[in-house]
Amino acid sequence: MPARIEPCVAILVDTPPSGPQWAFEVKWGGYRLAVHVEPGRVRVITRGGYDWTRRFTEIAAEARELGHESMILDGEGVVLDEKGRSDFGALQRALGRRPSLHDPREILFFAFDLLYLDGHDLWRKPLRERRRLLEQIVAGRKGVIRLSEEVEGDGDEFYRVACEHGLEGIIAKHREKTYHSGRGDWWQKITCRRRDSFVYVGGCGTGWSNQQSVKLRELLDTIKDDKPPVALRRKGVVFVRPLLVAEVEYRAWTEDEKLRHPSFKGLRDRADDATVFSLDRGQPSGWP
């Protein structure tokens, strides 16, 4: 049994692929995990190869009850919100050292692939065969280990519905491909991009060219202010009057109330009748 298998990673594409050879799943947006069930022990390994078994004790304990002496499950660790959507911030809080309203026992493991089973390598088999064996083991379970369901049908329609329900996106997988470590077009991800306007919500490091950066600096230099508009202690910060609003595209909110994967899309003037408001925890001050 291999000590570790480098995970397959989906590439980002703009639109879902089409055709009967493609299967679709929810993009969970949690922590990528591999659960290794071995004679005498269970290990929970992160995408980076770290042993986090002690942080996922409930998942490890239930994996021993799946009825097989050895296996490797590929999947995602998530915490769901009240609407059944993955909440990355809640997952971070459940795993954090600080006291949290979220118990580590809330963390679920959604299995979406089976790479090894009772002495047999499965990564050389097509996805449809790996999924058939996986479903025999975890389908219908209501504990912390569950099956990441496949959706058969039109990828564009599934993507539309996923975004309407506030999900992070979808994953498309080629049914006939074997398991390949690293990135490749046999797994594709299509994310639901969120876009909002903000006065201040942290850093944004992408989305502009060098020429745009120069023009932006010239513009900001005209509205410098000695009085900070927000409580911020950082060396070398130049404050400006909050006269502009930044349009930012992002995927989600992080545990420390920052935007996840933000991309700058432009500036606009602050409207005369616009009001800055504060959103619920996990969604800092911004604009509608």
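Residues numbered from 1 in each chain as written. Predicted model: local features only at pLDDT ≥ 70, side-chain atom pairs only at ≥ 80, totals over all residues. Heavy atoms only, no water.

A short note on the overall build of the protein
So, step 1. Regarding its fold elements, the protein presents five helices and 15 strands.
So, step 2. Counting every position in the protein, which comprises 288 residues, the buried fraction comes to 45%.
So, step 3. When contacts within the protein are restricted to residue pairs at least 6 apart in sequence, long-range pairs at least 24 apart make up 68% of them.
So, step 4. Carbon and sulfur atoms provide 47% of the accessible area of the protein, an area that totals close to 16,300 Å². (Helix = DSSP H or I, 4+ residues; strand = E, 2+ residues; numbered from the N terminus. Buried < 20%, exposed > 50% of the residue type's maximum accessible area, 1.4 Å probe, protein only. Contact = heavy atoms within 4.5 Å. Areas by Shrake-Rupley, 256 points an atom, 1.4 Å probe, with all protein chains shown as cover.)

Considering the state of the cysteines
So, step 1. In total, this model carries one disulfide according to the counting rule given.
So, step 2. Between the sulfur of C163 and that of C192 lies a disulfide, 2.0 Å long from S to S. Here the disulfide of C163 and C192 is left-handed, its torsion about the S-S bond being about -90°. With C163 in helix α4 (residues 155-164) and C192 in the loop between β10 (182-191) and β11 (194-198), the pair connects residues that are 29 residues apart, well separated along the chain.
So, step 3. Note on C163: relative accessible area 28%, which makes it partly exposed.
So, step 4. Looking at C192, the relative accessible area reads 6%, which means it is buried. (Disulfide = S-S within 2.5 Å.)

Looking at the confidence of the model for the protein
So, step 1. Overall, the predicted model of the protein reaches an average pLDDT of 86, with 90% of residues at or above 70.
So, step 2. Of the regions scoring below 50 in pLDDT, residues 281-288 engages in 33 contacts with residues more than four places distant in sequence or in other chains. (pLDDT = per-residue confidence, 0-100.)

Considering the packing of aromatic side chains
So, step 1. One pass over the structure, following the stated rule, counts six aromatic pairs.
So, step 2. Taking the centre distance of 5.6 Å and the plane angle of 85° together, the rings of Y31 and F88 count as edge-to-face. In this pair, Y31 sits in strand β3 (residues 31-38) while F88 sits in helix α2 (residues 88-95), placing the two residues 57 residues apart along the sequence.
So, step 3. Among the residues examined, Y31 registers a relative accessible area of 22% and is labelled partly exposed.
So, step 4. Residue classification places F88 among the buried positions, given a relative accessible area of 13%.
So, step 5. Geometry around W52 places R55 over its ring, the cationic atom sitting 4.2 Å from the centre. (Phe/Tyr/Trp six-rings, centres within 6.5 Å; stacked < 30°, edge-to-face > 60°. Lys NZ or Arg CZ within 6 Å of the ring centre and 35° of its normal.)

Brief notes about the side chain of K189
So, step 1. Note that K189 resides in strand β10.
So, step 2. Ignoring sequence-local partners within four residues, the contact set of K189 consists of A10, I11, L12, V13, K27, I170, I171 and R251.

Some details on the sheet that holds strand β9 (residues 169-174)
So, step 1. Sheet architecture is open: four strands sit in the order β1-β10-β9-β2, paired in mixed fashion. Each of the sheet's edge strands pairs with one partner strand only, and the pair in question is β1 (8-12) and β2 (22-26). Mean inter-strand twist for the sheet, computed between neighbouring axes without regard to direction, equals 40°.
So, step 2. Two elements, β2 and β9, share five bridges in a ladder whose sense is antiparallel. By the bridge assignment for β9, A23 is matched with K173.
So, step 3. Across the sheet, α4 lies against β2, β9 and β10, angled at about 155° from β9, the strand it touches most. (Pairing = 2+ DSSP bridges. Axes fitted to C-alpha atoms, helices over the stretch in contact; angles between N-to-C directions.)

Thoughts on unusual backbone geometry
So, step 1. Phi is positive for D118, which is not a glycine, with a value near 45°.
So, step 2. With respect to the helices and strands, D118 occurs in the loop between β6 (108-117) and β7 (120-121).
So, step 3. On the accessibility criterion, D118 (35% relative accessible area) is partly exposed.
So, step 4. You will see that H261, though not glycine, has its phi angle at about 55°, which is positive.
So, step 5. Judged by its relative accessible area of 48%, H261 falls in the partly exposed class.

Let's talk about the pairing of β6
So, step 1. Most of β6 is tucked away: 10 of the 10 residues are buried.
So, step 2. Where strand β5 (residues 71-78) and β6 come together, eight bridges link them in antiparallel fashion. Within β6, the position partnered with E76 by the bridge is F110.
So, step 3. When β6 meets strand β8 (residues 145-147), the two strands line up parallel, connected through three bridges. When the bridges of β8 are listed, F109 appears paired with I145.

Description of the pattern of salt bridges
Side-chain pairs of opposite charge can arise where the charged atoms are in close proximity.
So, step 1. Tallied over the full model, the rule gives 22 salt bridges.
So, step 2. One salt bridge in this structure joins R41 and E38, with 2.6 Å as the shortest N-O distance.
So, step 3. The salt bridge involving R160 is made with E164; its shortest N-O contact spans 2.6 Å. Of the two residues, R160 and E164 are both situated in helix α4; the distance of four residues between them amounts to about one turn of the helix.
So, step 4. Sharing partners across several salt bridges, the network here consists of E25, R131, E135, E150, E152, K173 and R175. (Salt bridge = Lys/Arg side-chain N within 4 Å of Asp/Glu carboxyl O.)

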